[in-house]
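# Summary of structural features
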Amino acid sequence: MKREMDYSGKRICFISAYHKFCPAGGAEYQTYLISEELQKKGARIFYISPYSPRNQDEVIVENGKTIYCYKRRLERKLFGSNYLFSLNIVRKYLNQIKPDIIFQRGVSSITGLCSWYSRKNQVPFIVSIASDVNLAKVNLIRTLRYPLNVIDTVLGQHGLKKSSSIIVQSYSQLNHLKDRYHRDAFLIRNMFYKDMEIGIDIGKKKDQIICFCKYNQNKSPEVCFKMAELLPHRKFVIAGLDHDISKLKKYSKFTAVPGNVYFAGKLNRNQFLQVLSESKILLSTSLYEGFSNTFIEAWINKTAVVSLNVNPDNFFDGDKYGYYARGDLSVAESQIEKLMCNAEEFMATVQSSYIFAKKEFDLDGNMRKIERLICNFDVRAEQIAEISCHLE
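Overview of the structure. The numbering scheme is per chain: residues are counted from 1 as the chain's sequence reads. In view of the model being predicted, local features appear only for residues whose pLDDT reaches at least 70, and side-chain atom pairs are presented and counted only at 80 or more, with totals across whole chains, interfaces and linings using the full set of residues. Only hydrogens and water are removed before side-chain values are computed, so all heavy atoms of the structure are retained for them.

### So, helix α9 (residues 269–278)
Burial in α9 covers these residues: F272, L273, V275, L276, S277 and E278. Buried residues belonging to α9 abut β9 (206–212), β10 (235–239), β12 (279–284) and α10 (293–300). For this analysis, a polar contact is any N or O atom pair within 3.5 Å, provided that within protein one partner can donate a hydrogen and the other can accept it, and provided that sequence-adjacent residues contribute only side-chain to side-chain pairs. Counting from the N terminus, the helices are DSSP H or I runs at least four residues long and the strands are E runs at least two residues long. Capping of α9 at its N-terminal end is provided by N268; its side-chain oxygen lies 3.2 Å from the backbone amide nitrogen of N270. Note on exposure labels: buried denotes an accessible area under 20% of the residue type's maximum, exposed denotes more than 50%, and partly exposed covers the range between, all computed with a 1.4 Å probe on protein chains only. We call two residues in contact when some of their heavy atoms are within 4.5 Å.

### Observations concerning the environment of E229
Along the chain, the position of E229 falls in helix α8 (residues 221–230). With 32 residues separating them in the primary sequence, E229 and V261 have C-alpha atoms 9.3 Å apart.

### Things to note about the packing of aromatic side chains
Think of it this way: a Phe, Tyr or Trp ring, Trp meaning its six-membered ring, pairs with another when their centres are within 6.5 Å, and the plane angle makes it stacked under 30 degrees, edge-to-face over 60, tilted otherwise. Counted by the stated rule, this structure contains 16 aromatic pairs. Taking the centre distance of 5.7 Å and the plane angle of 50° together, the rings of Y29 and Y32 count as tilted. Of this pair, Y29 and Y32 both sit in helix α1 (residues 26–40), 3 residues apart, which is roughly one turn of the helix. Residues F356 and F361 carry aromatic rings whose centres are separated by 5.7 Å and whose planes lie at 90° to one another, so their mutual orientation is edge-to-face. F361 carries the same exposure label as F356, and that label is buried. Through a chain of ring-to-ring contacts, three or more aromatic side chains come together here, namely F295, W299, F315, F316, Y321, F356 and F361.

### Here's the deal with the sheet that holds strand β7 (residues 165–168)
Pairing between strands is defined by DSSP: at least two bridges between them are needed. Spatial strand order, β3-β4-β2-β1-β5-β6-β7-β8: 8 strands in an open sheet with mixed pairing. The open sheet has two edge strands, β3 (58–62) and β8 (186–187), and neither has a second partner. Only C-alpha atoms enter the line fits that serve as axes; for helices the fit covers just the stretch in contact. Angles between N-to-C directions range over 0 to 180 degrees. α1 contacts β1 (11–15), β2 (44–49), β4 (65–69) and β5 (101–105) of the sheet and is inclined by roughly 160° relative to β2.

### Section: the packing of helix α6 (residues 148–162) against helix α7 (residues 171–181)
Taken N-terminus to C-terminus, the directions of α6 and α7 make an angle of 100°; their axes are 12 Å apart at the nearest point. When the axes of α6 and α7 are compared, the pair comes out roughly perpendicular. Facing Q157, L160 and K161 of α6, the residues of α7 in contact are L177, R180 and Y181. Classification convention: Asp, Glu, Lys, Arg as charged; Ala, Val, Leu, Ile, Met, Phe, Trp, Tyr, Cys, Pro as nonpolar; all other residues, Gly among them, as polar. Tallied by class, the residues present in the contact of α6 with α7 amount to 3 nonpolar, 1 polar and 2 charged. Reported orientations rely on four angle classes, namely roughly parallel under 35 degrees, roughly antiparallel over 145, roughly perpendicular from 65 to 115, and oblique for the rest.

This is how it looks when you write it as structure tokens:
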């Protein structure tokens, strides 16, 4: 007999930036989708978020969700990007919330803290892998520059090993966990939501390539500029960046922006989806991803994908759902031209991608998997309680 989950009053705490308070990416929005669906079923939703509208420690109630915000401790420029100095405020918030379930997206020293809290208070702790980098080994070169990052990474990896359950986005992450951490995991894909599909007619799409970038090494905005140089007759729209390319100096020698590059600036989600849906091609220059939320958004809006460096679960093999350039700019150049110049090829690619995305990333289907995972914790708790009762 199928067991129905009772969420009434269940306190679920999400360890994640609350997407409305920060320049959030796909990971933050996917977490928000999960929290929205669980809230509809009666769960009480809490967030512990490293961002707040006023850049300070504060508690905000927004649409029935209680967000415990904290300001990241100490400057990242001096100590690297870690959460070590924020552990005390996160522990304080956990003690105030007293969650029934903890759900964290991503891995950091906070993962180690939550794992400790979970075992101490017999509370289930779910870790959802946000990106392949969450499972990567310590970068020795970066370690010399930011030694505190090593401690942050080690605590995060220990917490991951000791967590109650792990969610991954791809089979490659699943296999990596088994090989390196000797842990099983649940494969639950990212999800699309009903407002993601803008519905622009394919014939009205603009002959432009959109890139979503940030000024960091992973998103590699300078690669978009190089591609624009290789294709001077094509229009490139850069979303997520302002025109201040001086921020590239930390990790790139690129100093000039080609004339066929247009900066759309920092867009909210609806603005980005509008520009994405109007574009014929999404060019991904990221060095690593989990399962890119932007890929799903492109597929749902019938925008063809050309990925320079990542090929999650080999979905791009066979060119059915887009193209994978294997890190070669000249290959990406020819793939973009093929999609731009061959209407039949473009149509076949976006149509098959659309059908695939609708099936593979269905919100209802993937939420059922998450609910079964949560339900298993309740079943185990009841079994333990029953055993304890017999022992007394």
